[in-house]
Amino acid sequence: MMPLKTSVRATLGLAFLCLAFGVSLTGCKWQPGFGYNKGHSPEQPIPFDHKLHVSTNGIQCQYCHNQVERSKHSNVPALSTCMNCHMQVKTDSPHIQKLAEAYSKGESIPWVRVHMLPDHVTFNHSAHIRRGVNCQTCHGQVETMQKVYQNADLSMGWCINCHRQPENNAPLNCTTCHH
Amino acid sequence: MSDTNHDHHDHDLEAKKALRPKIERDTNYWLSLEHYEQDPEFMKLAEQEFMSSPLREGDAEDGVARRDFLKLMGASLAMASAGCIRRPVQKIVPYNKQPEEVVLGVPNYYSSVHFDGSEAMALLVKTREGRPIKIEGHGDHSLNCGVSIKGQSSILNLYDPERLRGPRKNLFNEKRTNKDTIGTSWDAMDGEVSKQLQKGQAVVLTGAVTGPANQAVIRDFCQAFNARHVVFEPLSHEEIRQGQKASYGDDSIPFYRFDKAKMIVSVDADFLGAWLMPMTFSKQFSEGRKEPETMSRLVVFDSNYSLTGANADIRVRIKPSQQLDVVLGLLHEIVVKKGRSSYAGNGSVKSVIESGAGAAARLGIEPALLTQIAEDLWDKRGQSLVVAGGLPTLTSKATELQIAVNLLNSVLENDGKTVEGRGGNPGLKGSWADLLTLIKDMKEGKVKTLIMHNVNPGYVLSSEHGFSEAVRKVEMVVSTADRVDETAGEAHYIIPDNHALESWGDAEPVAGVVMIQQPTIRPMYETRAFQTALMNWARLAEVGPARLRNSETFYDYVRTVWREEVAPKYGRGMGFEAFWSEALQKGFVGTPNSAGARSFRADSFSSIKPGKASDFTELVLYPTVTMGDGSATNASWLHEIPDPVTKITWDNYASVSIGFAKKHNLKANDVIEITVGDKKIDLPVNVQPGLHDEVLTVAIGYGRTHAGKIANGVGRNLYPFLSFVNGQAIAAGAKVEIKKTGRKESLANPQGHHSMEGRQIVVEATLKEYQKKKDANIHRHHAWSLWSGHQYNGHKWGMAIDLNSCTGCNACVVSCQSENNIPVVGKKYVLQGREMHWLRIDRYYVGTPENAETVFQPMLCQHCDNAPCETVCPVLATVHTDDGLNAMVYNRCVGTRYCSNNCPYKVRRFNWFNYTKDIEKPLNMALNPEVTVRTRGVMEKCTFCVQRIKAGVNQAKQENRPLKDGEIKTACQTACPSGGIVFGDMNDPNSEVSKMFKKERAYLLLEEWNAAPAVRYLTKIRNNGKDARHEKAHGEGEHA
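All values derive from a computational prediction rather than experimental measurement.

Draft legend 1. Quick look at the packing of aromatic side chains. Residue and element names in this part refer to chain B. In the structure shown here, the tally under the stated rule is 30 aromatic pairs over all chains. Taking the centre distance of 6.4 Å and the plane angle of 70° together, the rings of Tyr256 and Phe281 count as edge-to-face. Here Tyr256 is found in strand E10 (residues 255–256), whereas its partner Phe281 is found in helix H9 (residues 278–287), with 25 residues between them in sequence. Tyr256 gets classed as buried once you look at its relative accessible area, which sits at 5%. Note on Phe281: relative accessible area 0%, which makes it buried. Grouped by ring-pair contacts, the aromatic residues Tyr256, Phe258, Phe271, Trp275, Phe281 and Phe285 constitute a single cluster. Here the basic side chain of Lys586 rests over the ring of Phe588, its NZ or CZ set 4.9 Å away from the ring centre. Above the face of the Tyr792 ring, Lys796 is positioned so that its terminal group lies 4.7 Å from the ring centre.

Right, here's the structure in full:
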């Protein structure tokens, strides 16, 4: 009987810890938005201006994020894509000079990631684009952002909200996002 | 608790028990000897879901004891409450120039080659963003469709943190006894070596070299410097070549066609496991057995319990000194007793065969059985095949055995039909004799420069051969090893070769088929292809053929050779560029040569002197499926994969029969000292059912000392137990004596774990039973359910596993491990029952322990419709999806382990620790980015490769078309060499898997429990000529 008792005690202890842990987590839940990265807008090594590129100059999203229809990732463009224009455009700007220098040296620019999902979540851009979901639905009015920030909280509840709408006919399996 | 209460409680329990469905216990099948004997300790362990708890004392040694666990928990609590704010900063570093073929997150596949010194396998290498993450079989290839364990594990060799990162120079003292290497530059080394080579007397010592360009570059180099090329492989297949030479006058390896053979007899040739080209042979073998109506029969005479023996319809245990007697016995039945074939009139041949009279009695089998085997062979002549070979046949009569086998094949008219003369890999020229001659020459100072590539004589030769003294007499020694191994330490320069996945090359797996070895990643370090070094030295010395000197890289050289030599032969008049890209895409060109029957030289047979079987215990050395010759063993997957038959991990051991153990009063895990001649070694004992009472078998390939952190010190090195007679290696038949040491050493055998309590799990039938009733031995049940059942409107995924195809090779297990980031736990935790493999192959013995037969059964999550695990999870971490998967949600799991407890198939695994945190860089590059890396405290299990399902479904949607059957392949399916695993949509009546499900042989595991699994198994059929599988009528009346 002894070992059983020990294991019961251990289980109880563990259950208590789990409860405490759970409470501390849901604590975040009670403070809407807190705990997620909504509004996150980190400094970038080059202050890239989406408003200027998209609204003013009318460049399509997919000109730079060209793999978004084929891949789960919406790629940050290669430096070569930037240099298509910036070989000629705005070559006197110190930021563009920084870019050009990195390009000619064969280096890259370490952009800071804005939209982050935990490792146990997968998200597929191409599947959403195919169903006609606009970039703006999740990312907000990027074309007006001089500095990109996270528009939605990207929480699971926020994802599910859309997936639950009958007209979207979207899968609700756990394995849709978690595997 | 009072007594009355207690009684009442018992009564209650009894009543409840009576309500449970009856368990059908099938006592014919057993997992281990302890299980067979119903050892109380074993049965107690089998009842528990977990053999150990995290609260065990021993864990403190690892620093993960309970107290630390709490401390860590405390820390994470603190972080959780203060945290909730920012996640760590991640960087996105885009390409400088976008490579055209790379789409982020979308894998690219490249065809390539893995050559392990014996078999050249076609591969599909899956790369993500330019780095290989998985090695898969090449489904469209004509020879192999799966990949061996070694082939798949080579990805760990690529990312091995202990690889050398650049050329090194040894700062030798005067006597060259030290090993102090410093980094050097390629240019400095090239200059020195090239100068030295011009002094002449150079030798290139390599492992087997395959492929037209790989061979040409060495030929050209030897011509340039007037150098000698010596080929050496520890598993050399020399005995086959010598037998072929004596019998047919040509010393090349034949190509065996197991697919064309209806009756196969193997004398210790482990062709499904570790002999010659097991992946190709497994495919051929299973092709000949897919349809039970026309299936072949396999008879194995086995001195070790080999994988091939485990797949035999009829297995006879022998000792090595009886091998020749087996073949002579069969010849006697056919040629002398029945007077068949033209040799019946040949007196000198007949006089040798005479000694085979009465072989059955000497082998301890029924004379009728031997007669039956001989009859079958003769009936199927032209469609039968007899093979012998491998380490267990390397007795002093190895060549005689080969000649006798050749005669038997010629008598049976198999030559030119199932034995294609000169059809094997022409590069397999390794020879022990050549190596020993070279060492002699080195001692005599006849070698000035020695270049070593893909060889490790320092490991395989015992000190008495004086390799290290000999090598110190050579003026300059160069080694291309990727680490300072047992041999490279003796070299002046260690110039690490690229990994095969980093370099160009080619291969010729069988005569007439050529393949290109395509690199899939840029060299990770300052390494260089061995061939480039040869070319550079020739260029600097300005000697040798133009193509050697003028090609800039080895890639150019390969293309030159393919343009000059390969394209004219195989090009079918195509332009070279078109031919080249076709070869790259397809992975291979050409078809195996067929030679036609050759005339057997009867005089080679007449000179055979048959000997008597010994009266002592004989040593049998054998290579394992996982380690092979022991050359690339610094890969953790290799060690944790259980041996297919013994199921032991992380060790080699002395296997003895039950009779032998009784006689010497040995128990499993006892350490004994074995003595062969003047050599001694201590080994733990494994009591192995189905062994001859006078053999002791041990695996080679273990006991490395300079292979790296993982392989060093695992097991013992048995190579020194090879002896040599006239340059011929003797690996079997030597007299072995044992002495008990009184010590014990635990062997980590996971097969006793996850026992399913003896319920009917595997179903087997003999061919005769099957012919009478196609669903023979399957007990069908009708069960009622409380559940209304799930609706599957779209896909419903299911898997069919044909037990008749499965050879138990374990390739699927490694594939699963690679695909799903499954951690390796190490020997200590395997002993505690914490191995993590999602897919395991259960090996059941059947019959009497002394002569047990084997059945294999791949066991994985059954994705039940009425999954017992789902109903007990308190946090809904395991739930059902609308396409029939039993999903496991890691981020919800709190680790109660109830699911595992309630799973009748024992397929759930718990992360006791944070195993992945110890992955040393750059090994993390081998992880699959599509699959979550699990952390401590989380349950996990087979997902049916949900990431592949999703990728396939998305791809089809993307292209606006319905999903094709067979488009989605699970990881285990891509590795299976025999096509035994079929995955697909059960809702599609025309899918392959639906067709398999409809076969009469298909059955569900534990149907009576009505879990309604999505996996179905197909009965194993044993073509052994018997009326019934089990002599005693088990089953029907045996409900317990």
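Draft legend 2. Just the sheet that holds strand E34 (residues 853–859) of chain B, in detail. All names here are of chain B. Judged by pairing direction, the sheet is antiparallel, and its three strands sit side by side in the order E1-E33-E34 without closing on themselves. The sheet terminates laterally at strand E1 (29–30) and E34, the two strands that pair on one side only. In the sheet, strand E33 (residues 840–846) pairs with E34 via seven bridges, with the strands oriented antiparallel. Paired with Tyr845 across the bridge in E34 is Thr854.

Draft legend 3. Structural detail: the pattern of salt bridges. Taken as a whole and assessed by the stated rule, the structure comprises 60 salt bridges over all chains. Two residues, Lys150(B) and Asp116(B), come together in a salt bridge whose shortest N-O distance is 3.3 Å. Remark: Asp116(B) occurs in the loop between strand E3 (108–115) and strand E4 (120–128) and Lys150(B) occurs in helix H5 (residues 149–158); sequence separation between them is 34 residues. Overall, the relative accessible area of 23% leaves Lys150(B) in the partly exposed class. For Arg961(B), the salt bridge goes to Glu967(B), with nearest N and O atoms at 2.7 Å. Given the relative accessible area of 28%, Glu967(B) is considered partly exposed. Salt bridges linked by common partners bring Lys72(A), Arg128(B), Glu129(B) and Glu930(B) together as one network.

Draft legend 4. Geometry of the packing of helix H21 (residues 554–570) of chain B against helix H22 (residues 576–586) of chain B. Residues and elements named next belong to chain B. Closest axis-to-axis distance for the H21/H22 pair is 10 Å, and the angle between their directions is 100°. When the axes of H21 and H22 are compared, the pair comes out roughly perpendicular. Taken together, the residues of H22 that come into contact with H21 (itself represented by Tyr555, Val558, Arg559, Trp562, Arg563, Val566, Ala567 and Tyr570) are Phe576, Glu577, Phe579, Trp580 and Ala583. When its residues are assigned to classes, the contact of H21 with H22 shows ten nonpolar, no polar and three charged.

Draft legend 5. How the structure looks around the domain arrangement of chain B. Taken domain by domain, chain B holds domain 1 (168–235 + 428–570), domain 2 (266–420), domain 3 (618–749) and domain 4 (757–783 + 816–1038). Placing a centre on the C-alpha atoms of domain 1 of chain B and another on those of domain 2 of chain B gives a separation of 39 Å.

Draft legend 6. Structural context of the packing of helix H7 (residues 212–225) of chain B against H21(B). All names here are of chain B. Interhelical geometry of H7 versus H21 gives an angle of 105° and a closest axis separation of 9 Å. The angle between H7 and H21 places the two elements in the roughly perpendicular class. Contacts between H7 and H21 involve Pro212, Ala213, Asn214, Ala216, Val217, Arg219 and Asp220 from the first element and Phe554, Tyr557, Val558, Val561, Trp562, Glu565 and Val566 from the second. A class-by-class count of the residues in the contact of H7 with H21 yields ten nonpolar, one polar and three charged.

Draft legend 7. Structural context of the sheet that holds strand E23 (residues 654–656) of chain B. All names here are of chain B. Read from one edge to the other, the open sheet built from seven strands follows the order E29-E22-E26-E23-E25-E24-E30, with strand pairing classed as mixed. Every interior strand has two partners, whereas the edge strands, strand E29 (732–735) and strand E30 (737–744), have only one. Taken pair by pair, the neighbouring strands of this sheet meet at an average axis angle of 35°, ignoring direction.

Draft legend 8. Here's a closer look at helix H19 (residues 530–541) of chain B. Residue and element names in this part refer to chain B. An ideal rise of 1.5 Å per residue puts 16 Å on twelve residues; H19 measures up with 17 Å between its terminal C-alpha atoms. Of all twelve residues that make up H19, ten are buried, and the element is covered over most of its length. What H19 keeps buried is the set Phe530, Gln531, Thr532, Ala533, Leu534, Met535, Asn536, Trp537, Ala538 and Ala541. Phi for Glu542, located one or two positions after H19, is positive at around 55°.

Calculation notes
- Residues numbered from 1 in each chain as written.
- Chains lettered and ligands numbered in written order.
- Predicted model: local features only at pLDDT ≥ 70, side-chain atom pairs only at ≥ 80, totals over all residues.
- Heavy atoms only, no water.
- Phe/Tyr/Trp six-rings, centres within 6.5 Å; stacked < 30°, edge-to-face > 60°.
- Helix = DSSP H or I, 4+ residues; strand = E, 2+ residues; numbered from the N terminus.
- Buried < 20%, exposed > 50% of the residue type's maximum accessible area, 1.4 Å probe, protein only.
- Lys NZ or Arg CZ within 6 Å of the ring centre and 35° of its normal.
- Pairing = 2+ DSSP bridges.
- Salt bridge = Lys/Arg side-chain N within 4 Å of Asp/Glu carboxyl O.
- Axes fitted to C-alpha atoms, helices over the stretch in contact; angles between N-to-C directions.
- Parallel < 35°, antiparallel > 145°, perpendicular 65-115°, else oblique.
- Contact = heavy atoms within 4.5 Å.
- Nonpolar A, V, L, I, M, F, W, Y, C, P; charged D, E, K, R; others polar.
- Domains from an automatic or database assignment.
- Expected span 1.5 Å × (residues − 1).

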